[in-house]
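# A structural walkthrough
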Amino acid sequence: MGISAQQRFYSVSANNSVVLRPYQQASIDACLNALTSGSSRIGVSLPTGSGKTTVFISLLDRINSPPENPGARRALVVVNSVELARQAAAQAEKLHPEWSVEIEQGAKYHASGDADLTVATYQTLLRQNRLAKFNPNGIKAVIIDEAHHAAAPSYRRILSHFHPAIRHPDEEFRAPDVKHSIAVLGFSATFSRHDGLALGSVFEQIVYHRDFLDMIKEQWLCNVQFTCVRANIDLSEVTINSHTGDFNPTSLAHVINTPTINKVVVQTWLDRASERKSTLIFCVNLAHVHHLTEAFRTAGIDARYVYSRTPASERRALVESFRKGEFPVLINCAVLTEGADIPNIDCVIVARPTRSRNVFAQMIGRGMRLSPDTGKQDCRIIDFVDSQNRVSGVVSLPTLLGLDPSEIIDGEVVDESLTSLEERAAQRTLEEGEKPPQSTSDVPDPKSITYVDYEDPFSFVDHAFGAPHIRRLSQLAWVGCGNDVYVLQCLSEGFIRLEKQEGNDGEEPQYVVNFTPRTVSMATAFMLKISPYQRSREVLRAQTLAEAIRGADTFAVQSVVKGPSATGLRRNARWRREPATDSQKAMVRKRWKARPGLLDPEGRSKNRIDKMTKGEAANIISRLKHGAQTRYEKKLKAQQRAQTADAKERLRVARQYVQVGPLPSVHK
C-alpha cells in the first residue's frame, strides 16, 4: 500500500516529549500543509525569543523520508555562527537523545555527513570539500536559520547543491542529480532584506508569520518598558550605504560617538535603568564600543565589551558571566544582534540609530525572552532618536507602532509600557460610543494579502474608496487615488495626504504623510479667488503603509478633528449615507461629461449620479482633486500602447513560422 501525501509529511515521534506552544504547533502545521500541497521551499517568520530552534527540530521529526527515496532520512541545519550551531545541536540532543547529532564548523568540528542531524555554519559549507560530504540523495530537509540571509550569493552557492530551483550565482554550476524533492525551510525573525535581493529566489512562499507585539500580548515574550531619549543628534548629514540602505558606520560614528552623547547614554542608564541586572548595549563601531565602555567605567559602572575579533573562548566566557549576572552592562557592536540566547537581559540600549527594521527588531529582541528563573519581570528598551532632522528614516520603538517619535517624547510622555502605548495609539482613532476593531489575536493570519487599487476616479460604492486594502488598516475614510497616493478629508479642517516616496541610491522607499489645513470656506475662497488652504506641512514618515496609516490616524483624531466630531472621519459615519448635495452631483457630472464615451446612451451613468450618496461623492471629488483622473488616463494610454506593441510583436513572430494552409492576404 502506497504512502499518502499526508502520511509522507506527518510523523509524530513518541520520543518527542516537548510540549509545543500553540503558535509553534500552528507554524509546524502550516509548514506540513505547504509541503503536502507541493511546495518545497517555504519560510516561517517568528520573532526573537519565540523558540524557532524548538520549532524546526520538532518539524524535522515530522517529515518522513520521501517514498521515492527511503534512504533520504538525514537533515541539515545551516546557521551563521558557531554559537548558533552549538545551541541548535544542544537543543536537538535534548529533544531527541536517540538522534545522532554532529556539528560542521571550522577546524574544530568535522561532521561525518551521515548523522541524523548535522548543524553547519554557512561559512564552512562554502568550502567545496566540506559541502561535498553531504550527499543530497541522503537529505530529506535543509533548515536555514536567520533565513533573511538566504538570498545572498553565499547561501545560494550552498542551497543550489540541494535544490535545482535555487540558482547558483555561477552560471557554469551544474547541480547534483537528486532523486527526490528536498524540503528547504527558512526561519527568521525578520523575513525581509534591506539590499533588495529577492528572497523569492530561494523561497516560494512564507507560510506563517507572528508579530512580536502579538507575542507580548499573549505573554510568550516579556513585557516591555521603553524610554525614547531626544538627544542633540542630527543625522541629516550621515551617509547611507547604497547596498544595505542603512547608515554607514564610520559616518554615523562621527555623530554618535562623541563625549557628550556617550555621557547622555550613561546618564540615561543611571536615571532609567540602574536597577536593571543585565543591560545589553549596541554601538556603531569598535571605537564607539571602547569609548562608551570607558564612559561607563568612569562613572563607576562595571561595563565590559565584546566585538567580532574577541577570541571565541573569551567571548563564551564573557557571555556566560553576563548570563549569570556577574556584571551589569555588556557593550557590543554587531556581535549579539542575531542568535544570542541570553534570557536574563532586562534592558537593551540602542545607541546606534538604524534605518533598518530588521536590525532594530533583532536588537530589541535580545531582551524579550522570558526568564522567570532570574526574577525578570520585563525589559526596558532605551533608544536615541534624531532631534534635529525628522526625515532621516530612523527606526525606533514608537515607529513600529505607527506613531511619530516626537508625539511620544515631547511633553508628559517620556516612558511607559508598550501595551499602554499601543492602547493609546488605538484609542486616538476611536471615539466615545464606537466599538474597537476586532483584536488581531481573534483574526486568523491570512495566507496571502492582495493589494488592489481601483484607479478609475469615478468608481462607485465600495470601489469609490479606490483602495480596498485600506479597510484592513484603518476605520477612517481614506481614499486611494492611485500610484500609492491616499487622502483623508478632515471635514472642514483640511486634508491629510499620504504618498509613497521612492528612495534614492539604494534607499528603501518611505511613506510620507502631509497635512494641509483649510483657512477659509470654499464659498469665500471662490468669491475672493484664493485658495482655501494653507501650505501643507509634513507630519511623519514611515517605512510601511500600515505604519503610516496608523500614525496618520492618530494625528487626525488627536490634532485635527478632536472630540466627538472625529466620528465624522470614519467610513461608516452617518453623514456619508445621506443623499449627495446638488453641488456635489454637478461637479461629478461635469467632470464625467469631460470624458468622451463614459455617459452611456441608456443613461445608466446619469441614474447612478442621481442616486449618489454624500460619501460616494466626497470620495470621487477627493480623487479628482488629487490627480486620480490624470493618473488613470495616463495608465489607460500606457496600456493601449503596450497592447499595440504586443500585437505587433506577436504578428512579427507569427510571420516567422511556416504553416501548411492559406497565407494571409494582407500583411500589416
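Rules of the game
- Residues numbered from 1 in each chain as written.
- Predicted model: local features only at pLDDT ≥ 70, side-chain atom pairs only at ≥ 80, totals over all residues.
- Heavy atoms only, no water.
- Helix = DSSP H or I, 4+ residues; strand = E, 2+ residues; numbered from the N terminus.
- Buried < 20%, exposed > 50% of the residue type's maximum accessible area, 1.4 Å probe, protein only.
- Contact = heavy atoms within 4.5 Å.
- Phe/Tyr/Trp six-rings, centres within 6.5 Å; stacked < 30°, edge-to-face > 60°.
- Lys NZ or Arg CZ within 6 Å of the ring centre and 35° of its normal.
- Pairing = 2+ DSSP bridges.
- Axes fitted to C-alpha atoms, helices over the stretch in contact; angles between N-to-C directions.
- Parallel < 35°, antiparallel > 145°, perpendicular 65-115°, else oblique.
- Left-handed = near helix turned anticlockwise from the far one by under 90°.
- Disulfide = S-S within 2.5 Å.
- pLDDT = per-residue confidence, 0-100.
- Core = buried A, V, L, I, M, F, W, Y, C linked by side-chain atoms within 4.5 Å.
- Nonpolar A, V, L, I, M, F, W, Y, C, P; charged D, E, K, R; others polar.
- Salt bridge = Lys/Arg side-chain N within 4 Å of Asp/Glu carboxyl O.
- Patch = residues over 30% accessible without salt bridge, like charges linked within 9 Å, V, L, I, M, F, W, Y side chains within 5 Å.
- Areas by Shrake-Rupley, 256 points an atom, 1.4 Å probe, with all protein chains shown as cover.
- Expected span 1.5 Å × (residues − 1).
- Arc of directions from axis to C-beta.
- Polar contact = N/O pair within 3.5 Å; in protein donor to acceptor, adjacent residues only side chain to side chain.

A word on the overall build of the protein. Across its full length, the protein carries 23 helices and 19 strands. Considering the protein as a whole, with its 668 residues, one finds that 51% of them fall into the buried category. Contacts in the protein between residues at least 24 apart in sequence constitute 71% of all its contacts with a sequence separation of at least 6.

Throughout the structure, instances matching the rule amount to seven aromatic pairs. Judged by centre distance (6.0 Å) and plane angle (75°), the rings of W269 and F296 are edge-to-face. Separated by 27 residues along the polypeptide, W269 in helix α10 (residues 259-272) and F296 in helix α11 (residues 286-298) bring together distant segments of the chain. Accessibility assignment for this pair places W269 and F296 in one class, buried. Between F515 and F555, the ring centres sit 5.6 Å apart and the planes meet at 65°, which makes this aromatic pair edge-to-face. With F515 in strand β18 (residues 510-517) and F555 in helix α19 (residues 545-560), this pair connects stretches of sequence that are 40 residues apart. A cation over an aromatic ring shows up here: R355 above the ring of F247, its NZ or CZ 5.9 Å from the ring centre.

Spatial strand order, β3-β4-β2-β5-β6-β1-β7: seven strands in an open sheet with parallel pairing. The sheet is open, and its two edges are formed by β3 (101-104) and β7 (205-209), each paired on a single side. Within this sheet the neighbouring strands show an average axis-to-axis angle of 20°, counted without direction. Pairing of strand β5 (residues 139-145) with strand β6 (residues 183-188), which is carried by five bridges, proceeds in the parallel orientation. Opposite I144, over in β6, you have G186 as the bridge partner. Against the sheet, helix α2 (residues 22-36) engages β1 (41-45), β6 and β7, with an angle of about 160° to β7.

In a pair of packed helices, the angle between the axes and the distance between the axes together describe the arrangement. Two elements in contact, α2 and helix α3 (residues 52-61), have axes separated by 10 Å at closest approach and are oriented at 45°. Taken as axis vectors, α2 and α3 run oblique relative to one another. Considering how the two elements wind past one another, α2 and α3 form a crossing that is right-handed. Contacts between α2 and α3 involve Q24, S27, I28, C31 and L32 on the former and, on the latter, T54, V55, S58 and L59.

What follows deals with the state of the cysteines. With the rule as written, the count across this model stands at zero disulfides. Of the cysteine sulfurs around C379, a residue in no disulfide, the closest is that of C222, at 5.3 Å. According to the relative accessible area criterion, C379 is buried, its value standing at 0%.

Time to look at the confidence of the model for the protein. Averaged over all residues, the pLDDT of the protein equals 76, while 75% of them reach at least 70. The element-level mean pLDDT for the protein is lowest in helix α1 (residues 5-9), coming to 33, with α11 highest at 95. Every residue in residues 407-422 scores below 50 in pLDDT, and together they form 42 contacts with partners more than four places removed in sequence or on other chains. In the predicted structure, residues 652-668 sits below a pLDDT of 50 and forms three contacts with residues beyond four places in sequence or in another chain.

Summarising burial for β18: eight of the eight residues are buried, a large majority. Burial along β18 is two-sided: Q510, V512, N514 and T516 and Y511, V513, F515 and P517, pointing in opposite directions, are all buried. Where strand β17 (residues 494-501) and β18 come together, eight bridges link them in antiparallel fashion. Within β18, the residue paired with F495 across the bridge is T516.

Next up on the list: the nonpolar core. L117 and L185 are the most contacted members of the largest nonpolar core, which totals 69 residues. Non-local contacts of L117, meaning those with residues more than four positions away in its chain, are made with L60, A75, V77, A92, W99, S100, V101 and E102. Counting residues in hydrophobic clusters, the runner-up holds 32 residues, among them I256, A303, F384 and V394.

It is worth spelling out the packing of α3 against helix α4 (residues 82-95) at this point. Between α3 and α4, the least distance of the axes is 10 Å, while the angle of their chain directions is 55°. Considering the angle they form, α3 stands oblique to α4. As α3 packs across α4, the resulting crossing turns out to be right-handed. In this structure, α3 contributes T53, T54 and I57 to the contact, and α4 contributes A88, Q91, A92 and L95. Tallied by class, the residues present in the contact of α3 with α4 amount to four nonpolar, three polar and no charged.

This part is about the pattern of salt bridges. Summed over all chains, the structure comprises 13 salt bridges. Among the salt bridges present, the one from E83 reaches R315, with a minimum N-O distance of 3.2 Å. Placement of the pair is E83 in helix α4 and R315 in helix α12 (residues 312-323), with a sequence separation of 232 residues. Assessed through its relative accessible area of 23%, E83 is described here as partly exposed. The buried category is assigned to R315, whose relative accessible area is 16%. With a shortest N-O distance of 3.2 Å, E104 and K133 are connected by a salt bridge.

Turning our attention to a nonpolar patch on the surface. There is a patch of nonpolar side chains on the surface, built from M527, L528 and I530 and spanning about 330 Å² of accessible area. With respect to the helices, strands and loops of the structure, L528 is situated in helix α18 (residues 522-528).

This paragraph deals with α11. Helix length check: α11, at 13 residues, gives a terminal C-alpha distance of 18 Å against a target of 18 Å (1.5 Å per residue), a fit within 8%. If you check which residues of α11 are buried, you get H288, V289, L292, T293, A295 and F296. Summarising the axial view, the buried residues of α11 lie within an arc of 160°, below the 170-degree limit, and thus occupy one face. Of the surrounding elements, those touching the buried residues of α11 are α9 (249-256), α10, β9 (279-282), β10 (303-306) and β11 (329-332). Two residues or fewer after α11 comes G300, characterised by a positive phi angle close to 85°.

With that settled, the discussion passes to the sheet that holds strand β19 (residues 537-542). Within the open sheet, the five strands sit side by side as β15-β16-β17-β18-β19. Their pairing is antiparallel. In the strand order of this sheet, the two ends are held by β15 (479-480) and β19, each with one partner. When β15 meets strand β16 (residues 485-489), the two strands line up antiparallel, connected through two bridges. From the neighbouring strand, G480 faces β16, where its bridge partner is Y486.

Here α2 spans 21 Å end to end across 15 residues, near enough to the 21 Å set by a 1.5 Å rise per residue. What α2 keeps buried is the set Y23, Q24, S27, I28, A30, C31, L32, A34 and L35. In the stretch just after α2, G38 is the one whose phi turns positive, near 115°.

Turning next to the side chain of Q543. Turning to its location among the elements, Q543 is positioned in the loop between β19 and α19. At 3.0 Å, the side chain of Q543 and the side chain of E508 are in polar contact.

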